[in-house]
Amino acid sequence: MVGTASRDGEQRYETFRGDLLAHCYRMLGSVDEAEDMVQETLLRAWRAADRYDPRRASLRTWLHRIATNVCLTALEGRSRRPLPSGLGPAGDDPQAPLTPSTDIPWLQPFPDARLGDPADAVAQRAGLRLAFVAALQTLPARQRAALVLREVLQLSAAEVAETLDTTVASVNSSLQRARAALRVAAPALDTVREPSDAGERAVVERYLTAFEAADVPGLTRLLADDVALEMPPVPLWLAGRAHYARFMERVYAMRGPDWHLRHVRANGGHALAAYVPDPLTGVLHAHSLQVFEIADGLIRRNVTFADPALFDLFALPATTTGPWPPGPVRWSRPARPA
């Protein structure tokens, strides 16, 4: 009976894995680290199962309480995970050297497929937008926790206070300071919301078509006037349509026009995984993941993660010889031969 009860408990905990992973990612800014924190959370929950009292908190709240404190311990003494725009002003030269800074622990993109059950994933995607997660990283760890628990997970102030071993008054004070800091760090960040799916999908589909056609004017028409282009691990970032267009002309001049893109879901919205062919063998190589911020039918920000190692997070191959690599459905368009 004990073995059966233990297995039942583990299975119940596992149903919250995607939810916990999203929570730890918001706290840490890293999917790799978040996975480790979820494992530690589930281990602690299993060891403390006999102390769980359903009259005091739901199982979800109890597990998030454990996860929060695991993350707070992990954050002690660690530097924050930024995007390039969090390190300094935009550059003014689209031809500047693209020198990566590998010593910076960059913010990672989040693969929505890791959220688990699609029925639950809709709610979990709230608060995963890159702009929001990047802004969270500027907050002290306990303010970050208070904001996520209260405004993303919708815990009561009393539940947040119990999680952080403090008072409701202290929680409310932390929330006030956190909101003020976010307004400074990301003034354009309006609210914690799930992105609009249909409109964003149409914009990204048009962007995919223009990108694969090396149609720089077509790409430019999809951009907001003040669009930002970021390229971690390169600290350089650019702002404005003109700089974006000149940079894309540089990309095609350097790597050729025959790019292949695949749609993926990242950070609660639509993203593109880009492959570029080897000019000698034709083998497609993973190049970058482009995660978009879209509003009013225009791309406001493109964070292009130029790190092929991240493709593994999205269950995408590093190389392929064709047909088009297996993975998420590429809308309804037929695959192109490599």
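Residues numbered from 1 in each chain as written. Predicted model: local features only at pLDDT ≥ 70, side-chain atom pairs only at ≥ 80, totals over all residues. Heavy atoms only, no water.

### A few points about the overall build of the protein chain
Logical step 1: A tally of regular secondary structure across the protein chain gives twelve helices and seven strands.
Logical step 2: Here the protein chain holds 338 residues, and 51% of them are scored as buried.
Logical step 3: Accessible surface, the protein chain: about 15,500 Å² in total, of which carbon and sulfur atoms supply 54%. (Helix = DSSP H or I, 4+ residues; strand = E, 2+ residues; numbered from the N terminus. Buried < 20%, exposed > 50% of the residue type's maximum accessible area, 1.4 Å probe, protein only. Areas by Shrake-Rupley, 256 points an atom, 1.4 Å probe, with all protein chains shown as cover.)

### Topic: helix H9 (residues 168-185)
Logical step 1: For H9, with 18 residues, the first-to-last C-alpha span of 25 Å sits near the 26 Å given by 1.5 Å per residue.
Logical step 2: Where H9 is concerned, the buried positions are Val171, Ser174, Leu175, Ala178 and Leu182. Buried positions in H9, seen along its axis, are confined to an arc of 105 degrees and lie on one side of it. Exposed residues pointing more than 90 degrees away from the buried face of H9 are listed as Ala169, Gln176, Arg183 and Val184.
Logical step 3: Tucked inside the fold, the buried residues of H9 contact helix H6 (130-136), helix H7 (141-152) and helix H8 (157-163). (Expected span 1.5 Å × (residues − 1). Arc of directions from axis to C-beta. Contact = heavy atoms within 4.5 Å.)

### Remarks on the pairing of strand S5 (residues 284-295)
Logical step 1: A large share of S5 lies buried, amounting to nine of its twelve residues.
Logical step 2: Bridge analysis of strand S4 (residues 269-277) against S5 gives seven bridges, and the strand direction is antiparallel. Bridging from a neighbouring strand, Ala271 pairs with Val291 of S5.
Logical step 3: What sits between S4 and S5 in their antiparallel hairpin is a turn of six residues, with Gly282 showing a positive phi close to 80 degrees.
Logical step 4: Note: S5 against strand S7 (residues 319-320), two bridges, orientation antiparallel. Its bridge partner being in S7, Leu284 is matched across the sheet by Thr320.
Logical step 5: Relative to strand S6 (residues 298-305), S5 is paired through seven bridges, and the arrangement is antiparallel. In the sheet register, Gln290 faces S6, and the bridge partner there is Thr304.
Logical step 6: Between S5 and S6, which pair antiparallel and follow one another directly, the connecting turn spans two residues, one of which, Asp296, has a positive phi of 55 degrees. (Pairing = 2+ DSSP bridges.)

### Here's the deal with the side chain of Glu230
Logical step 1: Note that Glu230 resides in strand S1 (residues 223-231).
Logical step 2: Exposure remark for Glu230: the relative accessible area of 0% places this residue in the buried category.
Logical step 3: Among the polar contacts made by the side chain of Glu230, one reaches the side chain of Arg301 at a distance of 2.2 Å.
Logical step 4: Discounting chain neighbours no more than four positions away, the residues touching Glu230 are Leu83, Pro84, Ser85, Trp237, Arg301, Asn302, Val303 and Thr304. (Polar contact = N/O pair within 3.5 Å; in protein donor to acceptor, adjacent residues only side chain to side chain.)

### A short note on the pattern of salt bridges
Note that side chains of opposite charge can pair when their charged atoms are close.
Logical step 1: A complete count under the given rule lists 15 salt bridges for this structure.
Logical step 2: We note a salt bridge from Arg44 to Glu40, for which the minimum N-O separation is 2.8 Å. Pair noted here: Arg44 and Glu40 are both in helix H3 (residues 31-47), with a separation of four residues, about one helical turn.
Logical step 3: Taking relative accessible area as the criterion, Arg44 reaches 35% and is therefore assigned partly exposed.
Logical step 4: Here the salt bridges do not stand alone but share partners, grouping Glu33, Arg78 and Arg81 into one network. (Salt bridge = Lys/Arg side-chain N within 4 Å of Asp/Glu carboxyl O.)

### Description of the packing of aromatic side chains
Logical step 1: This structure, assessed with the given rule, holds eight aromatic pairs.
Logical step 2: A ring pair is formed by Tyr25 and Phe110, whose centres lie 5.0 Å apart and whose planes are at 45 degrees; its orientation type is tilted. On the criterion of sequence distance, the pair formed by Tyr25 in helix H2 (residues 17-28) and Phe110 in the loop between helix H4 (59-75) and helix H5 (118-124) is long-range, its members being 85 residues apart.
Logical step 3: Judged by centre distance (5.0 Å) and plane angle (65 degrees), the rings of Tyr207 and Phe292 are edge-to-face. Placement of the pair is Tyr207 in helix H10 (residues 197-212) and Phe292 in strand S5, with a sequence separation of 85 residues. By the burial criterion, Tyr207 is buried, and Phe292 matches it. (Phe/Tyr/Trp six-rings, centres within 6.5 Å; stacked < 30°, edge-to-face > 60°.)

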